[in-house]
Amino acid sequence: MWQQVGFTAAAYGPVQVIGWWGSEYVEPLYLVTNLDERDEACRRYQKRAQIETLFSDKKSRGFQLDRSHLSDPQRVNRLLIAACLAYLRIIFVGTLVLLRDFT
């Protein structure tokens, strides 16, 4: 881990740069973070796939909220709340199905 690094031509930072060599990687994976703790940054990065799936489902796949053309913040918030509740329900039902099939 390199600490107190300037990043980009504008020297944004200071940031930390982590070189991560997992057994599943041929090349190192570099993480650039503003977090001070290396282990915390790596732990958060591991959750990235789940988080990106959520955003992708809400935006361009599944719910397609990007096509709503809403501009009123209250309406956008209501739509997001409804989409989040629907998403949680889908995950819950999917988990029940998986548990039923594997028990």
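Notes on the structure follow. Per chain, residues are indexed from 1 in the order of the written sequence. The predicted nature of this model means local features are confined to residues of pLDDT at least 70 and side-chain atom pairs, given and counted, to a pLDDT of 80 or more, with totals for whole chains, interfaces and linings taken over all residues. Side-chain descriptors were evaluated using all non-hydrogen atoms of the structure, hydrogens and water having been removed beforehand.

## Concerning the overall build of the chain
At step 1: Numbering of helices and strands runs from the N terminus, with a helix taken as a DSSP run of H or I at least four residues long and a strand as a DSSP run of E at least two residues long. Helix and strand content of the chain: 3 helices and 3 strands.
At step 2: Element order for the chain, N to C, with α for helix and β for strand: β-β-β-α-α-α.
At step 3: Expected size for 103 residues packed as a compact globule is a radius of gyration near 13 Å; at 19 Å, the chain overshoots this value by more than 25%.
At step 4: When the backbone C-alpha atoms are referred to their principal axes, the chain occupies close to 45 × 45 × 20 Å.
At step 5: Burial classification: accessible surface area is computed with a 1.4 Å probe over protein chains only, and a residue below 20% of its type maximum counts as buried, one above 50% as exposed, and the rest as partly exposed. The burial tally for the chain puts 16% of its 103 residues in the buried class.
At step 6: The contact criterion used is simple: two residues touch if any of their non-hydrogen atoms lie within 4.5 Å. Contacts in the chain between residues at least 24 apart in sequence constitute 18% of all its contacts with a sequence separation of at least 6.
At step 7: When the accessible surface of the chain is split by element, carbon and sulfur atoms take 58% of a total near 8500 Å².
At step 8: Positive and negative side-chain charges of the chain, numbering 13 and 11 respectively, have mean locations separated by a distance of 10 Å. Just to be clear, the radius of gyration here is over C-alpha atoms, and the globule rule we use is 2.2 Å times residues to the power 0.38. Here the Shrake-Rupley method, with its probe set to 1.4 Å, supplies the accessible areas, and only the displayed protein chains count as covering residues. Here the positive residues are Lys and Arg and the negative ones are Asp and Glu; neither His nor the chain ends is included. The atoms used to mark charge sites are NZ of Lys, CZ of Arg, CG of Asp and CD of Glu.

## Digging into the nonpolar core
At step 1: One finds Ile-18, Trp-20, Leu-31, Leu-35, Ala-41 and Cys-42 forming the largest nonpolar core, which totals 6 residues.
At step 2: Counting residues per element, the ones that place at least two in this core are strand E2 (12-20) and helix H1 (38-46). Note on terminology: a nonpolar core comprises buried Ala, Val, Leu, Ile, Met, Phe, Trp, Tyr and Cys residues joined through side-chain atoms within 4.5 Å.

## Some points on unusual backbone geometry
At step 1: Positioned with a positive phi, His-69 is a non-glycine residue whose angle comes to about 60 degrees.
At step 2: Mapping His-69 onto the fold places it in the loop between helix H2 (48-59) and helix H3 (73-102).
At step 3: The exposure class of His-69 is exposed, given its relative accessible area of 72%.

## Description of the pattern of salt bridges
At step 1: Definition used for salt bridges: Asp or Glu carboxyl oxygen within 4 Å of a side-chain nitrogen of Lys or Arg. Counted according to the given criterion, the structure contains 3 salt bridges.
At step 2: In this structure, Asp-39 engages Arg-38 in a salt bridge whose closest nitrogen and oxygen atoms are separated by 3.1 Å.
At step 3: Two residues, Glu-40 and Arg-43, come together in a salt bridge whose shortest N-O distance is 2.7 Å. With Glu-40 and Arg-43 both in helix H1, this residue pair falls 3 residues apart, about one helical turn.
At step 4: With a relative accessible area of 25%, Glu-40 lands in the partly exposed category.
At step 5: Judged by relative accessible area, which is 38%, Arg-43 ranks as partly exposed.
At step 6: In the salt-bridge network here, residues are joined through shared partners; they are Glu-40, Arg-43 and Arg-44.

## A closer look at the side chain of Thr-33
At step 1: Checked against the element boundaries, Thr-33 lands in strand E3 (residues 29-33).
At step 2: Thr-33 sits in the buried class, given a relative accessible area of 12%.
At step 3: Two N or O atoms form a polar contact when they lie within 3.5 Å of each other; inside protein one atom must be a possible hydrogen donor and the other a possible acceptor, and for residues adjacent in sequence the pair counts only when both atoms belong to side chains. A polar side-chain atom of Thr-33 sits 2.9 Å from the main-chain amide nitrogen of Leu-35.
At step 4: The contact partners of Thr-33, leaving out residues within four places of it in the chain, are Val-15, Gln-16, Ile-18 and Ala-41.

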